[in-house]
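# Observations on chain architecture
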Amino acid sequence: MPKRFVSIWFRYLKTDWHIRHRPALLNMPFVLVSPDHGRMMITAANKLAQREGVDGGMVLADARAFIPSLEVMDDKPGIADKLLKGLAEYCIRYTPVVAIDPPEGLLFDVTGCAHLWGGEQLYLTAIISRLNELGYEVGAAMADTIGAAWALARYRKDNPVIETGTHPTALLNLPSAALRIEWETKECLDKLGLRLIRDFVAMPRTAMRRRFGSHFIHRLDQAFGVEEEIILPLVPLEPYQERLNCLEPILTATGIEIALQRLLEILCLRLTKEEKGFRKAIFKAYRIDGKIEKIEIGTHCPSHNKHHLFKLFELKIPDIEPAMGVELFVLEAPVVENISALQQKLWETARGLSEPGLAELLDRLAGKLGHHTIHRYLADEHYWPERSIKLASSIHENATTAWNLSRPRPLQLLQKPEPVTVTAPIPDYPPMLFRYKGKLHKITRADGPERIEQEWWIEEGEHRDYY
């Protein structure tokens, strides 16, 4: 399948954002400014201001000569990066591979995605329409290379979808700046009369490299597909992930359950073939309003039992608020582990901690009570009771120390020691009475004392006598 890329260019990124928050700015020219060496410089201008000749890079005093009633607002540092990141996260509903293209663009790898919307033209139209609804005026194009899509989105207004294999022809009539080259190189090309790509694309490479540098050749090759360009997605791709797009927004819990069951069926089948299982799973619901609802489960043992996993998710489905509707569901498994084939003799039916039913029971209890309410303890190599146990990292962790069964030990220790007043006939003799929480207790039988020393490398506090 040939690669397909989409470039999105936000023509008025920062000013469109201000209009979203202050609709009254829609019908007035305004600019964003920031101080620079004692002068107020324009960093962005809206469409109405640009029509009057005011644009970024101008001094504010000069701009007021063009538009005396110009509205002026302070530019917020870093706002463009935050906006692009938020828009990139929003656009993950259209493709899992979305990258930020500073200062005013996004890049998509849309290979294999367009058929879900009925074709490339409808797919790109849906993206543009949604961004327009959010209040952003954009330019967009789809092509076989990132460089071609970038150039066509900014320098071509008609037919944004370039058919596979035709991007070299589409690039010929574009200006040299469409190749993403330095401004100095563009100026040099213009002075030589090489204003369009078709004017120099057939020139010898050695001559162009000697005159304009290797970066110019690099950008030219990327645009025409001679050299591959790689997208670094904003959200790293999970190797185990499935997506389900919805033809109509999902508003009900029943619809969410059906989507989850379909995704579990697909992903569990894949994990079964690879002899792997979930240890952690995340179910995400992308809402129309741009918010992402998600629920998460964990398992004590790797599992690809779709019915068991659905039961764990089912407890948390009420936490998903669909609002105006969900248009994309994503199920991903960030943590998976191998599942070894269970071998069992005919006369052995119990597998202890390896019993799948036990692990599934623990998963259900953890889903209802919380993962931090179920613990497994192992013996540890210490003498003092509070140090003689340790928390197991998993249900399958093997013990390295045997439990001390030479003397009886209590099953539970108090979180904090509490004082006890005792009465003994002579020192180091078992007590006859003791008072605990104001209540007097009489001892009829005693065993001890057992003196427990601490380890020599710790040496904290006195020794202890236990009865």
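Residues numbered from 1 in each chain as written. Predicted model: local features only at pLDDT ≥ 70, side-chain atom pairs only at ≥ 80, totals over all residues. Heavy atoms only, no water.

## Some details on the overall build of the protein
Each helix and strand in the protein was counted, giving 13 helices and 18 strands. At 34 Å, the protein has a C-alpha radius of gyration far larger than the 23 Å of a compact globule built from 467 residues. Sorting the 467 residues of the protein into buried and exposed places 39% on the buried side. Here the contacts in the protein between residues at least 6 apart in sequence split such that 57% fall between residues at least 24 apart. Per element, the accessible surface of the protein, about 27700 Å² overall, is 55% carbon and sulfur. When the 59 positive and 62 negative side-chain charges of the protein are each reduced to one mean point, those points stand 2 Å apart. (Helix = DSSP H or I, 4+ residues; strand = E, 2+ residues; numbered from the N terminus. Rg over C-alpha atoms; globule rule 2.2 N^0.38 Å. Buried < 20%, exposed > 50% of the residue type's maximum accessible area, 1.4 Å probe, protein only. Contact = heavy atoms within 4.5 Å. Areas by Shrake-Rupley, 256 points an atom, 1.4 Å probe, with all protein chains shown as cover. Lys, Arg positive; Asp, Glu negative; His and termini not counted. Charge placed at Lys NZ, Arg CZ, Asp CG, Glu CD.)

## Focus: the packing of aromatic side chains
According to the stated counting rule, one finds 7 aromatic pairs in the structure shown. Each ring, one from tyrosine 94 and one from tryptophan 117, has its centre 5.6 Å from the other, and the planes form 40°; the classification is tilted. Here tryptophan 117 lies in the loop between β6 (105-109) and α5 (120-133) and tyrosine 94 lies in the loop between α4 (79-90) and β5 (97-101), a separation of 23 residues in the sequence. Classification of tyrosine 94 as buried rests on a relative accessible area of 5%. Note on tryptophan 117: relative accessible area 23%, which makes it partly exposed. One aromatic cluster is present, built from ring pairs that chain together Tyr94, Trp117 and Tyr123. One residue, lysine 186, lies across the ring of tryptophan 183, its end atom 4.8 Å from the ring centre. (Phe/Tyr/Trp six-rings, centres within 6.5 Å; stacked < 30°, edge-to-face > 60°. Lys NZ or Arg CZ within 6 Å of the ring centre and 35° of its normal.)

## Things to note about the sheet that holds strand β3 (residues 39-45)
The strand order across the open sheet formed by 3 strands is β3-β2-β4, and the pairing between neighbours is mixed. Of all strands in the sheet, those bounded by a partner on one side alone are β3 and β4 (71-74). Each neighbouring strand pair of the sheet contributes to a mean axis angle of 45°, computed without reference to strand direction. One ladder, built from 4 bridges, connects strand β2 (residues 30-36) with β4; its direction is parallel. Looking across to β4, one finds that leucine 32 is bridged to methionine 73. Packed onto the sheet, helix α1 (residues 13-21) meets β2, β3 and β4 and runs at close to 120° relative to β2. (Pairing = 2+ DSSP bridges. Axes fitted to C-alpha atoms, helices over the stretch in contact; angles between N-to-C directions.)

## Re the pattern of salt bridges
Throughout the structure, instances matching the rule amount to 23 salt bridges. Across the pair arginine 4 and glutamate 120 runs a salt bridge whose closest N-O atoms are separated by 2.9 Å. You can see arginine 4 sitting in the segment before β1 (5-10) and its partner glutamate 120 sitting in helix α5, a full 116 residues away along the chain. Among the ionic pairs, glutamate 314 bridges to lysine 311, the shortest N-O distance being 3.7 Å. Taken as a pair, glutamate 314 and lysine 311 lie in helix α12 (residues 306-314) at a separation of 3 residues, close to a single helical turn. (Salt bridge = Lys/Arg side-chain N within 4 Å of Asp/Glu carboxyl O.)

## What about a nonpolar patch on the surface?
Taken together, the side chains of Tyr377, Ile389, Leu391, Trp403 and Leu405 define a hydrophobic patch exposed on the protein surface, amounting to about 570 Å² of accessible area. By secondary structure assignment, the location of leucine 391 is in strand β13 (residues 389-391). (Patch = residues over 30% accessible without salt bridge, like charges linked within 9 Å, V, L, I, M, F, W, Y side chains within 5 Å.)

## Here's the deal with the layout of surface pockets
If you add up the space inside the largest pocket, you get close to 2000 Å³. Looking at the largest pocket, it is lined by 47 residues, and the ones nearest its centre are Pro385, Pro410, Leu413, Tyr466 and Tyr467. For the lining of the largest pocket, the secondary-structure elements that each account for two or more residues are β15 (433-436), β17 (450-452) and β18 (464-466). Residue contributions to the lining of the largest pocket peak at 3 residues, all from β18. Of the residues belonging to the lining of the largest pocket, the class tally is 28 nonpolar, 6 polar and 13 charged. (1 Å grid on protein atoms, 1.4 Å probe; cavity = no way out; pocket = protein on both sides within 12 Å on 5 of 7 lines; lining within 4 Å. Points joined across faces, edges and corners; volume = space filled by probe spheres on them. Nonpolar A, V, L, I, M, F, W, Y, C, P; charged D, E, K, R; others polar.)

No statement about biological role is implied by the geometric values presented.
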